[in-house]
Amino acid sequence: MLSPMTNAWTSSETLTGCMRRKGIGRRDFLTYCAEVSALLGLSSALTPRIARALENLKRPPVIWLQLQECTGCVETVLRTSNPSIGDLLLNTISLDFQHTIMAAAGDAAEAALHDAMRENRRDYVLVVTGSVPVKEDGIYTIMAGRTARTVLEEAASSAAVVLAVGACAHWGGVQAASPDPTGAVGVAEIIKNKPVVNIAGCPPIADVVTATVIHYLTFGRLPELDSE
Ligand code: SF4
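Being a predicted model, the structure only gives us computed values, none of them experimental.

Moving on, we get to the overall build of the protein chain. Looking only at helices and strands, the protein chain features nine helices and nine strands. Residues counted as buried form 51% of the 228 residues belonging to the protein chain. When the accessible surface of the protein chain is totalled, it reaches about 10600 Å², and 52% of it is carbon and sulfur.

Written as structure tokens, this is what we have:
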């Protein structure tokens, strides 16, 4: 397993350099790019473009918020036992803020979140897992004295892209089941002023999460979305 807190992809290093350091060969890299093209429903003719965009890529900033959830999505996406380029992209880059895997806690974690938002304003990918409780002014999830809704709205306001990962972030998930004591809703119910990509599944397929990020990094825009 890759440890997200050690051997991390440094901000001055390209993806190619990081892969070399981790012993991932070019053949594996190109195979991965072809798989991502297929996963995204893109023509195989676009594989070289994806490869070109990724190999010179510097570590993109990612902030990952966990709201009302079970940590299953995080485990699925980050805790693979088979290190790959996908792991590099979503395991070792998710260091700007991810409260399950980061060493910091309390005030230090809160400071890390605000530093990451300030330093990467309008530039970071915001990944959200978990639903947002809205009943009783959102008191059912409080993070450093603020409701999950407030934290989400603030983080989304400066994000380049918002990904709602898993059923909970998509539509409320198991917390929204009757009698729905917390008034659980999905991210898109709260964030209305920018597109939210819903990546369904409980938990979602990790490669779909990575492929969505790769599409954004390669083409500078999100993949085409359906109405849900
Ligand atoms: S979508 Fe499923 S795995 Fe993910 S946080 Fe919700 S309950 Fe857990």
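What follows covers the environment of V174. Note on placement: V174 falls in the loop between α8 (167-171) and β8 (184-185). Assessed through its relative accessible area of 67%, V174 is described here as exposed. Sequence separation between V174 and S131 is 43 residues, and the spatial gap between their C-alpha atoms is 9.1 Å.

Turning our eyes to something else, we now look at the pattern of salt bridges. Pairing between side chains becomes possible if they bear opposite charge and their charged atoms approach one another. Overall, the coordinates contain five salt bridges when judged by the stated rule. R146 is the salt-bridge partner of E154, the closest N and O atoms lying 3.0 Å from each other. You can call E154 partly exposed: its relative accessible area is 29%. R149 is paired through a salt bridge with E153; the nearest N and O atoms lie 3.2 Å apart. Within this pair, R149 and its partner E153 are both found in helix α7 (residues 148-157), separated by four residues, close to a single helical turn. Put simply, E110, R146 and E154 are held in one network by salt bridges that share partners.

Inspection of the region around the ligand gives E69, C70, G72, C73, G166, A167, C168, G201, C202 and P203 as its neighbouring residues. Residue assignment for the shell around the ligand shows that the elements contributing at least two residues are α4 (72-78) and α8. Tallied by class, residues from the shell around the ligand come to six nonpolar, three polar and one charged.

Our next topic: the nonpolar core. L65, L67, L126, L152, V162 and V187 are the most contacted members of the largest nonpolar core, which totals 25 residues. Of all elements in the fold, only β1 (62-66), α6 (106-119), β3 (124-129), α7 and β7 (159-165) reach the threshold of two or more residues within this core. Ranked by the residues each element gives to this core, the list is headed by α7, at five residues. Beyond its immediate sequence surroundings of up to four residues, L152 is in contact with L65, L67, L126, V128, V132, V187, I190 and I191. W64, V74, V165 and A206 belong to the second largest nonpolar core, which has 16 residues in total.

Further remarks concern the confidence of the model for the protein chain. Residues at a pLDDT of 70 or more form 83% of the protein chain, whose mean pLDDT is 83. Confidence drops under a pLDDT of 50 for residues 1-5, and excluding neighbours within four residues, the segment shows 17 contacts in the predicted structure.

What follows deals with the layout of surface pockets. What the largest pocket holds in volume is close to 440 Å³. Together, 20 residues line the largest pocket, and V197, N198, I199, E224 and L225 are the ones closest to its centre. Put simply, the parts of the chain that give the lining of the largest pocket at least two residues each are β9 (196-199) and α9 (206-219).

What counts, and where the lines are drawn
Residues numbered from 1 in each chain as written. Predicted model: local features only at pLDDT ≥ 70, side-chain atom pairs only at ≥ 80, totals over all residues. Heavy atoms only, no water. Helix = DSSP H or I, 4+ residues; strand = E, 2+ residues; numbered from the N terminus. Buried < 20%, exposed > 50% of the residue type's maximum accessible area, 1.4 Å probe, protein only. Areas by Shrake-Rupley, 256 points an atom, 1.4 Å probe, with all protein chains shown as cover. Salt bridge = Lys/Arg side-chain N within 4 Å of Asp/Glu carboxyl O. Near = heavy atom within 4 Å. Nonpolar A, V, L, I, M, F, W, Y, C, P; charged D, E, K, R; others polar. Core = buried A, V, L, I, M, F, W, Y, C linked by side-chain atoms within 4.5 Å. Contact = heavy atoms within 4.5 Å. pLDDT = per-residue confidence, 0-100. 1 Å grid on protein atoms, 1.4 Å probe; cavity = no way out; pocket = protein on both sides within 12 Å on 5 of 7 lines; lining within 4 Å. Points joined across faces, edges and corners; volume = space filled by probe spheres on them.

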